[in-house]
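Remarks on the overall topology
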Amino acid sequence: MQARKKYILIAFCACWLLLFYFGGAQIRQLKFLARRQSEEMVMARRWPAWDDEATLKSFVELPGGGEVDAGLRESPKMKRENRAIVYKDSRCRMETCFDLSLCETRGFRVYMYPQSRGDKVSESYQKILASIQGSRYYTPDPHQACLFVMGIDTLDRDQLSLQYIHDVDSKIQSFPLWNNGRNHLIFNLYSGTWPDYTEDLGFDVGQAMVAKASFYMESYRPHFDVSIPLFSREHPQKGGEKGWLLYNNVPPRRKYLLVFKGKRYLTGIGSDTRNALHHIHNGKDIISLTTCKHGKDWEKHKDGRCDRDNQQYEKYDYQELLHNSTFCLVPRGRRLGSFRFLESLQAACIPVLLSNGWELPFSDVIDWSKAVVVGDERLLLQLPSTVRSIDNDKILAFRQHTQFLWDAYFSSVEKIVSTTLEIIKDRIFTHVSRNKFMWNKLPGGLFVLPQYSTHAADYPFYYLDEGLTPKKEFTGLIYAVSPLVSQSQPIIKLILALAKSKYCAQIIILWNCDKPLPPRSKWPSTRMPLIFIRGERKAMSSRFFPYDVITTDAVLSLDEDTVLSTNEVDFAFIVWCSFPDRIVGYPARSHFWDSSKGLWGYTSKWTNEYSMVLTGAAFYHRYYHHLFTHYLPTSLHALLDQTANCEDILMNFLVSAVTKLPSIKVTQKKQYKETLMQQGSKSTLWANPDHFTQRQNCINTFASWFGSMPLVQSQLRLDPVLFKDQVSILRKRYRDIERP
């Protein structure tokens, strides 16, 4: 027994010796490798060793820790905790924090709380409220609304600002419809205050949606909140200036490659990024200028670079840099967004973003990869080589897309508000909504009404992208206001001319006459359906109502006294098939700016230049009926019905606003103008002295509503092949056009 214990003890000791001999070397080697890896990591963090690393802190973070931005120093856990404090309902989605049944029963209507006496309202918030009130979705009755907007100004929630509104919590809790913010929309441009500028709004937003500038990705609630751009108080409410690419298109590259001119913060959040910008300045094709000369106490905090930077800063004009640069640097400031973002878009200067974690404006629907270059604040020194590597074709495409986005969504407060409302509406009615293609292609999502169709192929401005051509058929729509007393009236001749066209699929008579509609036996027989619609309201705006009986994409709008031959109709239709998104027709008119009166003028003079083709004899796509009825406000419809005039001018305004292109005039017989003006009911209309004055007033009223003048001047007229050529008439396809 003693011998067995002895052998066991010896074997146990031998095993320990073997383990120590063979395993100890491995353990020592692992410790050595771990120590070496740690040293390499330290060296890697120390590279590159800049001489001025004190001013480039975020790029030379030492293991011992130089001071960095609070936003960069925060751990993910700290960010989640801060977010939970600001947004208690951080998991809100449309399905959980929005009463969709209200919109299903009431429709999409927006109610705006009345403003309380004594409340300060900033100029920017007044523009937002005015845009909502002018929207087709606005209702003054809260019981008809499914979305509510507060009258309290919540744009500036910086406690140090003079625009800051106190006691917002107590005020909103007193609203009987507040319901913890459910179905409410809150607008905000500035959140937080010195020194960390968090996203705290200073009150509990509850379950309200937040339309906010400078949104952090961590705080943004996808498909619930809306990220909007930061805009200045000078930003126009309507219309807005056009983009600058019209004046500087080719070559795509400009004098400077990359520019920046702006403030430099010496301390606090956002200072690291801007303090490092001078490293990429070369004084040639890259201009990066900063100044610390801002604020009251800038001299107390200025560093060794301030005087030199301020001197360089004054040598360049900011507007000149915008006009002459291919790329514009858009670094973060105290907050993630800046005014420079919209300024760059307008100037067709491709934005290069240095704002880590920024949820870009309207990111749910806009594909920003087609218009901006997203950089990384930690990789600033790579930006010059990155932008140099972008070829000319892509640069031109980027610049063109910046102009599209600027004009479609950002050029005015009204467009920013309208885009916000349309995004929310698409979230509510997901089965009838725009797809991302529609938001990112001309003319943009605001001119696409998905109630008409959710398929891009049904819209005239997407035919080319979809590889489609219009069907070779049209509907003749004749607007009749005079009683039928004779078979020799122009309307009878017009019906017969249309009936002979091989492209005419149906003829519709819109009977807006006070006399009863004559029986079918009084009308000529045709090979295609002859349909009658009795105008119940006898309203001028009913002329462009989207009637379900119109089955073709092409519509030929005609006055009852228009005189056209079949050849003229067929030729105009063939031209329209090549331009299905525009108005194509015969009678042309023009507008001009009367500098003596400071107003727009209207002229019917027979000249080579025109900007309108009147709908008394014109082709257009039937979608414009839907857009005319549902996009334009009731105030403009009421104006048309009251004056019984100007509906043709308004349709030209609408189509030009969509396409940004002029209408197209086609060849007409020499006596066409005189015939049109002398026959039928038009004789009394043109003799009316108020008729021309009304049309002058209409043009200015329409321009005011659109916010700018959308009409485009043109000198183009399309004629048939061999038109007026000295060849036999038998060789010409459209012979009747040249006959007297």
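Higher on the page you've got the structure.
A short tour of the structure in this document, coming up. None of these values were measured; they are calculated from a predicted model.

Parameters and conventions
- Residues numbered from 1 in each chain as written.
- Predicted model: local features only at pLDDT ≥ 70, side-chain atom pairs only at ≥ 80, totals over all residues.
- Heavy atoms only, no water.
- Axes fitted to C-alpha atoms, helices over the stretch in contact; angles between N-to-C directions.
- Helix = DSSP H or I, 4+ residues; strand = E, 2+ residues; numbered from the N terminus.
- Parallel < 35°, antiparallel > 145°, perpendicular 65-115°, else oblique.
- Left-handed = near helix turned anticlockwise from the far one by under 90°.
- Contact = heavy atoms within 4.5 Å.
- Nonpolar A, V, L, I, M, F, W, Y, C, P; charged D, E, K, R; others polar.
- Salt bridge = Lys/Arg side-chain N within 4 Å of Asp/Glu carboxyl O.
- Buried < 20%, exposed > 50% of the residue type's maximum accessible area, 1.4 Å probe, protein only.
- Pairing = 2+ DSSP bridges.
- Disulfide = S-S within 2.5 Å.

1. With respect to the packing of helix α6 (residues 123-133) against helix α15 (residues 413-428)
Between α6 and α15, the shortest axis-to-axis distance is 9 Å and the interhelical angle comes to 60°. It follows from the interaxial angle that α6 and α15 lie oblique. Considering the relative orientation of α6 and α15, their crossing is right-handed. For the pair α6 and α15, the contacting residues are Lys127, Ile128, Ser131 and Ile132 in the first and Val413, Glu414 and Val417 in the second. Its residues placed into classes, the contact of α6 with α15 shows four nonpolar, one polar and two charged.

2. Some remarks on the pattern of salt bridges
Tallied over the entire structure, the rule returns 23 salt bridges. Across the salt bridge formed by Glu414 and Lys238, the nearest N and O atoms sit 2.8 Å from each other. Of the two residues, Glu414 sits in helix α15 while Lys238 sits in the loop between β5 (226-227) and β6 (256-263), which places them 176 residues apart along the sequence. Among the residues examined, Lys238 registers a relative accessible area of 25% and is labelled partly exposed. We note a salt bridge from Asp648 to Arg695, for which the minimum N-O separation is 3.1 Å. In this pair, Asp648 is assigned in helix α22 (residues 647-659) and Arg695 in helix α25 (residues 689-706), connecting sequence segments 47 residues apart. Each member of the pair, Asp648 together with Arg695, is buried. One network of salt bridges, in which partners are shared, links Arg136, Glu422, Asp426 and Arg434.

3. Notes on the sheet that holds strand β7 (residues 286-291)
An order of β7-β6-β8-β9-β10 is seen for the five strands of this open sheet, with the pairing classed as parallel. Looking along the sheet, the strands with just one partner apiece sit at the ends: β7 and β10 (373-374). Strand direction decides the pairing type here: β6 and strand β8 (residues 325-331), joined by three bridges, are parallel. Considered in β8, the bridge of Leu258 is made with Phe327.

4. Considerations on the pairing of strand β17 (residues 599-603)
Examined bridge by bridge, strand β16 (residues 588-594) and β17 share five bridges and lie antiparallel to one another. Across the sheet, His591 pairs through a bridge with Tyr602, a residue of β17. Two successive antiparallel strands, β16 and β17, enclose a turn made up of four residues, where Gly598 displays a positive phi of approximately 70°.

5. What to know about the environment of Ser541
When you line up the elements, Ser541 lands in the loop between β13 (530-534) and β14 (554-559). Distance in space between the C-alpha atoms of Ser541 and Leu640 is 6.2 Å, their sequence separation being 99 residues.

6. A short note on the state of the cysteines
Evaluated as defined, the whole model comprises five disulfides. The disulfide partner of Cys103 is Cys146, and the gap between their sulfur atoms is 2.1 Å. The S-S bond linking Cys103 to Cys146 shows a torsion near 85°; that makes this disulfide right-handed. Pair noted here: Cys103 is in helix α5 (residues 100-106) and Cys146 is in the loop between α6 and β2 (147-149), with a separation of 43 residues, a long-range link. When sorted by exposure, Cys103 lands in the same class as Cys146, which is buried. Sulfur-sulfur distance for the disulfide between Cys646 and Cys698 comes to 2.0 Å. Its torsion about the S-S bond being 85°, the disulfide of Cys646 and Cys698 is classed as right-handed. Separated by 52 residues along the polypeptide, Cys646 in the loop between α21 (634-643) and α22 and Cys698 in helix α25 bring together distant segments of the chain. Cys646 sits in the buried class, given a relative accessible area of 0%. Each bonded cysteine of the protein gets a number by its place in the sequence, and the pairs then read 1-2, 3-4, 5-6, 7-8, 9-10.

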